[in-house]
Amino acid sequence: MMNGLNFNRFLFILFLAFVSLLVTEPASAQTSGQEKDEFSLFEEEVHNSTPDSKKASKPAAPAPTAATPPSTSTETSDEKIERLKKEIRTGPKNVALIGQLAEELYKKEQYEKVTLLLWKHVDKIDRKSLLLLARAHEKRQEPSEMIRALNVILGKNDKDFESYSLMGNAYVLLRKNKDAMENYKKAVELNPKYEPAYDGLIALYEKRVPPNLYELRILFQDMVQNIGARPQYLRRLCEINTMDGTYEPAIQMCKDAIAKDPKVADAYVYLGVCYKAIGEDKTALNTLKKASQDFPQSELAQYHYGKLLEDQKNYVEAMKLYKKGTEADAQAARSWLGLATSSFEIRKFELSLLAYKNACKYDKKNAVAFRRATTILRNQKNSQWVGKFEEASETCTF
């Protein structure tokens, strides 16, 4: 029979067991019901939006007992991304770390992850991250989302020229060229030295048929004045003035471009074209010949020297130069056409037929010249070649 001392000891043990149960059960419930932080939710969303989410995930490796900062000189991009994720889990409100992670994901062309991450923190991230968000949407061809992101920046600062320039890019993607032009012009107005905005305007004017040479000239003159007399700007002014028939200014711009950078063929070529246009044939011949010899890999140089010789009825030499032009650029329709017409004149019909086919392949407008050659053969009653030219020229249509 249990005596009084044993009975008291039994009650004390029973009491301790009850207290232990009360303490451990709420703690475990609290742990199991703990909410996930924002970054964990972001990772889940990214995981579910990618094909890899269908694969079975591997169990996580146990965390090291002591965190050691990695060596930045040996840390790979993937390692940096994983490190940033761990640091963000520790401090999910650290927007600087979120921006760094977005930059790393952008570098790896993981643009969807960039947008998912940054939109979750759009009310906290800085201007740099907002611009990155817009660029990630641009890479994904999502102009409407670009505009949304850029409006966040412009809502805080309506003089942000970079945002206006990117807004221009968005409207180009939407094929709203008028709106694009207005935004590019606004960017240039706010910062006359911002080259990307000029590039956007140049692309719009060059798309017009024919290109708007007047506006292009004004743009490059402004770039020379505001950014500096860079050789690439001078070369474009040399080209534009040549195409527009304003030869005296063109000659000066070509010479200035050559003085700034003598290692590019274009300015020499357009200089020769200008000399020919103003009647200085000998100077033009020498200039274009030198350009052709000094820049054998320039299709432009080979073509224009070949064109000059063809105009002088020197078909044999012209043919050689056009051939070099096609070797420098296998898709240069004008050099293929020059090769076709010059070889046709010296009755190299096999070569001419091949060249006409390629000229038409790369520019359907050459169908007119192709049919003209066919008509000449028909009138000459050249039964050996007229059928072949007719068959090929009929397939070359606009």
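Each remark here, short or long, concerns the structure printed above.
Attention here is on the structure that accompanies the text. Computed from a prediction, not measured in an experiment: that's the story for all the values here. Position labels on residues start from 1 in each chain and follow its written sequence. Totals for whole chains, interfaces and linings use all residues, but because this is a predicted model, local features are given only for residues with pLDDT of at least 70 and pairs of side-chain atoms are given and counted only at 80 or more. Side-chain metrics in this entry use all non-hydrogen atoms of the structure; hydrogen atoms and water are not considered.

1. Some thoughts on the nonpolar core
Part 1 of the reasoning: Note on terminology: a nonpolar core comprises buried Ala, Val, Leu, Ile, Met, Phe, Trp, Tyr and Cys residues joined through side-chain atoms within 4.5 Å. For every residue, the accessible area (1.4 Å probe, protein chains only) is compared with the maximum for its type, and the residue is labelled buried under 20%, exposed over 50%, or partly exposed between those bounds. If you look at the biggest cluster of nonpolar residues, it comprises 53 residues, and the most contacted ones within it are L101, V114, L118, L150, L201, F220 and M223.
Part 2 of the reasoning: Counting 49 residues, the second-largest nonpolar core is a separate cluster that includes Y270, C274, M319 and F370.

2. What about the pattern of salt bridges?
Part 1 of the reasoning: Salt bridges are counted wherever a side-chain nitrogen of Lys or Arg sits within 4 Å of a carboxyl oxygen of Asp or Glu. In the structure shown here, the tally under the stated rule is 25 salt bridges.
Part 2 of the reasoning: Among the ionic pairs, E162 bridges to R127, the shortest N-O distance being 3.0 Å. One end of the pair, E162, is in helix 8 (residues 161-173); the other, R127, is in helix 6 (residues 127-139), with 35 residues separating them in the sequence.
Part 3 of the reasoning: The salt bridge involving K320 is made with E317; its shortest N-O contact spans 3.3 Å. Only DSSP runs of H or I covering at least 4 residues are called helices, and only runs of E covering at least 2 are called strands; the numbering of each starts at the N terminus.

3. Description of unusual backbone geometry
Part 1 of the reasoning: Residue P210 follows V209 across a cis peptide bond; omega there is -5°.
Part 2 of the reasoning: Here P210 is to be found in the loop between helix 10 (195-207) and helix 11 (213-226).

4. Some points on helix 4 (residues 95-107)
Part 1 of the reasoning: What a helix should span is 1.5 Å times the count of its residues minus one. In a regular helix each residue adds 1.5 Å, so 13 residues correspond to 18 Å; helix 4 covers 18 Å between its end C-alpha atoms and thus fits that length.
Part 2 of the reasoning: Buried within helix 4 we find L97, I98, G99, L101, A102, E104, L105 and Y106.
Part 3 of the reasoning: E109 sits one or two positions beyond helix 4 and adopts a positive phi of about 60°.

5. Looking at the side chain of S335
Part 1 of the reasoning: Looking at the secondary structure, you find S335 in helix 18 (residues 333-345).
Part 2 of the reasoning: We classify S335 as buried; its relative accessible area is 0%.
Part 3 of the reasoning: Sequence-distant contacts of S335, that is, excluding residues within four places in its chain, are made with E299, Y303, Y322, G325 and T326. Between two residues, a contact is recorded if the distance between any of their heavy atoms is within 4.5 Å.

6. What about helix 14 (residues 265-277)?
Part 1 of the reasoning: Here helix 14 contains 13 residues, and its C-alpha end-to-end distance of 19 Å stays within 8% of the 18 Å for a straight helix at 1.5 Å per residue.
Part 2 of the reasoning: Inspection of helix 14 places A265, A267, Y268, V269, Y270, L271, G272, C274 and Y275 among the buried residues, and these make up the whole buried set.
Part 3 of the reasoning: The inward-facing, buried residues of helix 14 contact helix 12 (231-243), helix 13 (247-260), helix 15 (281-294) and helix 16 (299-311).
Part 4 of the reasoning: One or two residues past the end of helix 14 sits G279, with phi positive at roughly 90°.

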